[in-house]
Amino acid sequence: MIEDLVEGVLAGRRRAIARTISLVENDGPEAQGTLAALHPHTGRAHIVGVTGPPGSGKSTLVNALALHFRKAKTSLLLPESDVADTPPRIGIIAVDPTSPFSGGAILGDRIRMRDLAGDRGIFIRSMASRGNLGGLAWATADAVKVLDAAGFDLVIVETVGAGQAEVDIARTAHTTVVVEVPGLGDDVQAIKAGILEIADVFAVNKADLEGADHAVMALRMMLDLDKDGAQRTMHHGRLMEVVARTGRGADATSGSPERSLAPPGAGQASAVTGWHPPIHKTVATRREGIVELADAILAHREYLQQSGRLVWRERERAAAELETIIQHESLRRVLARIDGAQLRELVERVVQREVDPYTASQQLLTSLGLQGRKGQTPAPE
Amino acid sequence: MTERTIRVLVAKPGLDGHDRGAKVIARALRDAGMEVVYTGIRQTPEMIAEAALQEDVDVVGMSILSGAHMALFPKIMELLGEYGMDDVLVVAGGIIPDEDVPTLNALGIQGIFGPGTPTDRIVEFIREHAR
């Protein structure tokens, strides 16, 4: 069955692509083997993330961008390609939130993408976030790989309507487009940490509404605070490291995957040729500003290639991915080894204030033979 | 997450633009823990079959009020078959006269729910019959 699916995906057969995405989404027993077989065939697609608050017009923008790219020459998208007149094939993954109560979801992004129906060069897949909090589903990155292996030149990932901290997309996409709309907040919103920091390109959508110029100005001011592009690009690297570090929970001084894998001097190299995130006004429903936005995405891809940062980012992505999988897998293994009765007893003791949760987990992990952090006081009995 | 999540496409074929019912059903299925892909009104048979294929849904639910079901449903079933999606559960709701039901059943549309059907019954039917 794996062989058939893999063969189907590599041949670009839509039924096989769809089934394989379901397989990785449900994390079935064959999922890992299938992804392993597809892995050598990935790494060709350019991955664009589109994120922003709910109702900012992400789906409509994706619809307009996809329509535009389908009309554009492939050579723009793939400089190495010799088939200049074939439009690029586009895969779209649109993520919507899962209800925390029922586990169900309404996936409505296709409503805004009806213009794309009937185009065999486009494949749209809706995904529920299934409890993941970073703006994507746990399986989104793997679904991107399936589309990549299936030969899609461009994969657009639309996140859950994101507020301020849903920044996972920056670890999945090569180019992150942050969509803002007029009237969302004052200038302080624009200097807060989070989603605005991950933008490679800004779109101020619904630019026909009052306050569009103000929104552009607030973003420009925020970017000017960074002054030179060097800071800006460094920023990206740092952000990803911060995200990885908070999730690590191991000895901070020991060798970390992203540190050993990131090419030395990548930061300095980027300081020479910086990228200034451009800001584009769009009215997605009327397809205004789309050409400029699309050009900015292509320019960013060009920049990543020319500056060598594409390689660097790929490495960061791989490091982050590896780390996430290790986290997931080790958690699963540890939980499987914990004795239920012992756990229940500890919970009870925590509730009774006999022991604090940190000490309790130390005891539990030590009993499994897992050493704690250096400098950590051993759990008192 | 040991139980697999049921994915449902809720589609409105044809030209009537009244989708209150479809939205009520979508909401009920969501509350029953299913993932519902809702594609909006005025869908052609091609759009519905293509969405079902790409989304790899377990169930296709169609709501129609315009009376064009005898023209549209056979086409949709034909396309689903063509795409190798014969194992998908197809259900329908809206205004469908009783005399059409046997024909639609013969096409492979297994559940037909008229106005006033409690949503629980639809949820139950889907849970029982989805692949």
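Figured I'd write up the structure that's included with this text. From a predicted model like this one, the values you see are computed outputs, not experimental measurements. (Residues numbered from 1 in each chain as written. Chains lettered and ligands numbered in written order. Predicted model: local features only at pLDDT ≥ 70, side-chain atom pairs only at ≥ 80, totals over all residues. Heavy atoms only, no water.)

**A few points about the layout of surface pockets**
All names here are of chain A. Selection rule: In the cavity and pocket records, a cavity denotes points on a 1 Å grid over the protein atoms alone where a 1.4 Å probe fits but cannot get out, a pocket denotes an open set with protein on both sides within 12 Å along at least 5 of 7 lines, and lining residues are residues with an atom within 4 Å of a point. Grid points are joined across faces, edges and corners, and a volume is the space filled by probe spheres set on the points. For the purposes of this entry, the term helix denotes a DSSP run of H or I that reaches at least four residues, the term strand denotes a run of E that reaches at least two, and both are numbered from the N terminus. Classification used: nonpolar for Ala, Val, Leu, Ile, Met, Phe, Trp, Tyr, Cys and Pro, charged for Asp, Glu, Lys and Arg, polar for all others including Gly.
Space inside the largest pocket adds up to approximately 1400 Å³. Looking at the largest pocket, it is lined by 42 residues, and the ones nearest its centre are Trp-138, Asp-142, Glu-321, Thr-324 and Ile-325. Looking at the lining of the largest pocket, the elements that each hand over two or more residues are α3 (31-38), α6 (140-149), α7 (169-172), α10 (229-248) and α14 (309-337). Counting residues per element, the lining of the largest pocket draws most heavily on α14, at 13 residues. Within the lining of the largest pocket, the residues separate by chemical class into 17 nonpolar, 13 polar and twelve charged.

**Side note on the interface of chain B and chain A**
Rules: Note on definitions: a residue-residue contact is assigned when non-hydrogen atoms from the two residues lie within 4.5 Å. Buried area: the accessible area, evaluated with a 1.4 Å probe, that two parts lose upon being put together, summed over both parts. Whenever a carboxyl oxygen of Asp or Glu lies within 4 Å of a side-chain nitrogen of Lys or Arg, that contact is scored as a salt bridge. Two N or O atoms count as a polar contact when they lie within 3.5 Å, although within protein this holds only if one can serve as hydrogen donor and the other as acceptor, and sequence-adjacent residues are included solely when both atoms are side-chain atoms. The pairing criterion for strands is at least two bridges between them, as found by DSSP.
Between chain B and chain A, the residue contacts involve 31 residues of the former and 26 residues of the latter. Between chain B and chain A, roughly 2400 Å² of surface is buried when both sides are summed, and carbon and sulfur atoms account for 46% of that area. Between the two partners, chain B and chain A, sit nine salt bridges. Put simply, A:Arg15 and B:Asp87 hold a salt bridge, and the shortest N to O gap is 3.7 Å. Where chain B packs against chain A, one counts 19 residue pairs in polar contact (both at pLDDT 80 or more). If one sorts the elements of the side of chain B that touches chain A by residue count, helix α2 (residues 45-55) of chain B sits on top with six residues. Partitioning the side of chain B that touches chain A into residue classes produces twelve nonpolar, seven polar and twelve charged. One ladder, built from three bridges, connects strand β3 (residues 105-107) of chain A with strand β2 (residues 35-38) of chain B; its direction is parallel. When the bridges of β2(B) are listed, A:Ala105 appears paired with B:Glu35.

**A closer look at α2(B)**
Residue and element names in this part refer to chain B. Stated precisely, the cut-off is as follows: Each residue is assigned to one of three classes by its accessible area relative to the maximum for its type, calculated with a 1.4 Å probe on protein chains only: buried under 20%, partly exposed between the two thresholds, exposed over 50%.
In terms of residue burial, α2 counts as a mostly covered element, since ten of its eleven residues are buried. Every buried residue of α2 is listed here: Pro-45, Met-47, Ile-48, Ala-49, Glu-50, Ala-51, Ala-52, Leu-53, Gln-54 and Glu-55. Taken from the residues just after α2, Asp-56 is the one with a positive phi, measuring 50 degrees.

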